[in-house]
Every structure is written in structure tokens, then in C-alpha cells.
Amino acid sequence: MDAAQFRLDFPEFADTSVYPDAQVNFWLSLGAKLLPPCRWGDLLDYGLELFTAHNLVIQTRNQQIADAGGTPGAVTGPATSKAVDKVSVSYDAASVLNADAGDWNMTTYGIQFYRLMMMVGAGGVQL
């Protein structure tokens, strides 16, 4: 797995000015160290890509916060409502979050990764 393949599979990360190859390769390399191939099998590349996408999104958010003078890395939950003038919107974040997934809930990629991780790590099931 390399940055070029990652960008083909996840074209939303194609902008190398926002997601430089060095960052993509860093997360791919770290994921390769953390995800055991014997457990992930044929799903390893997809797992690496989800792991990388999740971490790139968080890293980019942290950079945007730092650029705006904020504190990068501060933990916040998902926004559940927003109002501008007479218009407001709210979301039921609890309906898509997994209580045991921790920070994997911070991105859609993380939610997908966590679901896949639970399946890959479940092992055999006996009825």
C-alpha cells in the first residue's frame, strides 16, 4: 500500500497540498505496524486505508485549529446542533456512534474502521 493507491481508492484525499505524501505514508506505515496481516488477511489494505483516512482527517482538523490560533488536539464531541439567525439544525449523533469505539467515532472513516476491526478480530463464532 502506498500513497498513490490510497489516493486512487479515496479520491477525496487527492489534494497533495492538504494531504502531502509524507503524511499519507506516515499513517500507512504506522497502520502497517499496528494491524497484524495474519488477522486482517485480504482486508488489510482496506483497513490500512480507513486507518489512514481517519487519522488524516483528525490531523487536518488539528492543523486548521492551530492555524486559527486555537489549541490543536483539544477533545470535542460531535456537534449536535447549530443555529444561525432563524435557521437551526441538529443531528442525532448517538444513533451512529458506538459507545465502545472511543476516538474512532470522530470520523466516518473511524466508524467504518472500528466496525471492520471488530469483525476481523472476532475470530470464529460457534452456535
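What counts as what
Residues numbered from 1 in each chain as written. Predicted model: local features only at pLDDT ≥ 70, side-chain atom pairs only at ≥ 80, totals over all residues. Heavy atoms only, no water. Salt bridge = Lys/Arg side-chain N within 4 Å of Asp/Glu carboxyl O. Helix = DSSP H or I, 4+ residues; strand = E, 2+ residues; numbered from the N terminus. Buried < 20%, exposed > 50% of the residue type's maximum accessible area, 1.4 Å probe, protein only. Phe/Tyr/Trp six-rings, centres within 6.5 Å; stacked < 30°, edge-to-face > 60°. Expected span 1.5 Å × (residues − 1). Arc of directions from axis to C-beta. Contact = heavy atoms within 4.5 Å. Axes fitted to C-alpha atoms, helices over the stretch in contact; angles between N-to-C directions. Parallel < 35°, antiparallel > 145°, perpendicular 65-115°, else oblique. Left-handed = near helix turned anticlockwise from the far one by under 90°. Nonpolar A, V, L, I, M, F, W, Y, C, P; charged D, E, K, R; others polar. Polar contact = N/O pair within 3.5 Å; in protein donor to acceptor, adjacent residues only side chain to side chain.

K.L.:
Quick question: what am I supposed to make of the pattern of salt bridges here?
P.N.:
One pass over the structure, following the stated rule, counts one salt bridge. With a shortest N-O distance of 2.7 Å, Asp 21 and Arg 7 are connected by a salt bridge. Note that Asp 21 is positioned in helix 2 (residues 21-34) and Arg 7 in helix 1 (residues 3-9), a separation of 14 residues in sequence. Classification of Asp 21 as partly exposed rests on a relative accessible area of 39%.

K.L.:
I'm lost on the packing of aromatic side chains in this one. Help?
P.N.:
Ring pairs (aromatic) are described by centroid distance and by the angle formed between their planes. A complete count under the given rule lists eleven aromatic pairs for this structure. Note on Phe 26 and Trp 27: the rings are 4.9 Å apart at their centroids and 80° apart in plane angle, and the pair reads as edge-to-face. Judged by centre distance (5.6 Å) and plane angle (15°), the rings of Trp 40 and Phe 113 are stacked. Of this pair, Trp 40 sits in helix 3 (residues 37-40) while Phe 113 is found in helix 5 (residues 108-122), placing the two residues 73 residues apart along the sequence.

K.L.:
How should helix 2 be read in this particular structure?
P.N.:
Each full turn of the α-helix corresponds to 3.6 residues, which orients residues three or four apart in the same direction. The end-to-end C-alpha distance of helix 2 is 20 Å, a good match for the 20 Å that 14 residues give at a rise of 1.5 Å each. Of the positions making up helix 2, those classed as buried are Val 24, Trp 27, Leu 28 and Gly 31. End-on view of helix 2: buried residues confined to an arc of 100°, all on one side of the axis. Exposed side of helix 2, more than 90 degrees from the buried face: Ala 22 and Lys 33 are the residues found there. In this fold, the buried residues of helix 2 make contact with helix 1 and helix 4 (44-67).

K.L.:
Is there a simple way to explain the packing of helix 2 against helix 4 in this structure?
P.N.:
Angle between the axes and distance between the axes are the two parameters that describe a pair of packed helices. Where helix 2 contacts helix 4, the axes come no closer than 9 Å and their chain directions differ by 130°. By the angle between their directions, the pair helix 2 and helix 4 is classed as oblique. Crossing of helix 2 over helix 4 shows right-handed handedness. Residue-level inspection shows Gln 23, Val 24, Trp 27, Leu 28, Leu 30, Gly 31, Ala 32 and Leu 34 of helix 2 in contact with helix 4, the latter providing Leu 48, Phe 51, Thr 52, Asn 55, Leu 56 and Gln 59. Partitioning the contact of helix 2 with helix 4 into residue classes produces nine nonpolar, five polar and no charged.

K.L.:
Explanation requested: helix 4 in the structure shown.
P.N.:
Under the 1.5 Å per step criterion, the end-to-end length of helix 4 is 34 Å for 24 residues, consistent within 8% with the ideal 34 Å. At the exit of helix 4 stands Gly 69, carrying a positive phi of roughly 90°.

K.L.:
I'm lost on the environment of Asn 25 in this one. Help?
P.N.:
By the element assignment, Asn 25 lies in helix 2. For Asn 25, a relative accessible area of 32% gives the class partly exposed. Beyond its immediate stretch of four places on either side in the chain, Asn 25 contacts Asp 2 and Ala 3. Within polar-contact distance, the side chain of Asn 25 engages the backbone nitrogen of Ala 3 at 3.4 Å.

These values are about where atoms sit, not about what they do.
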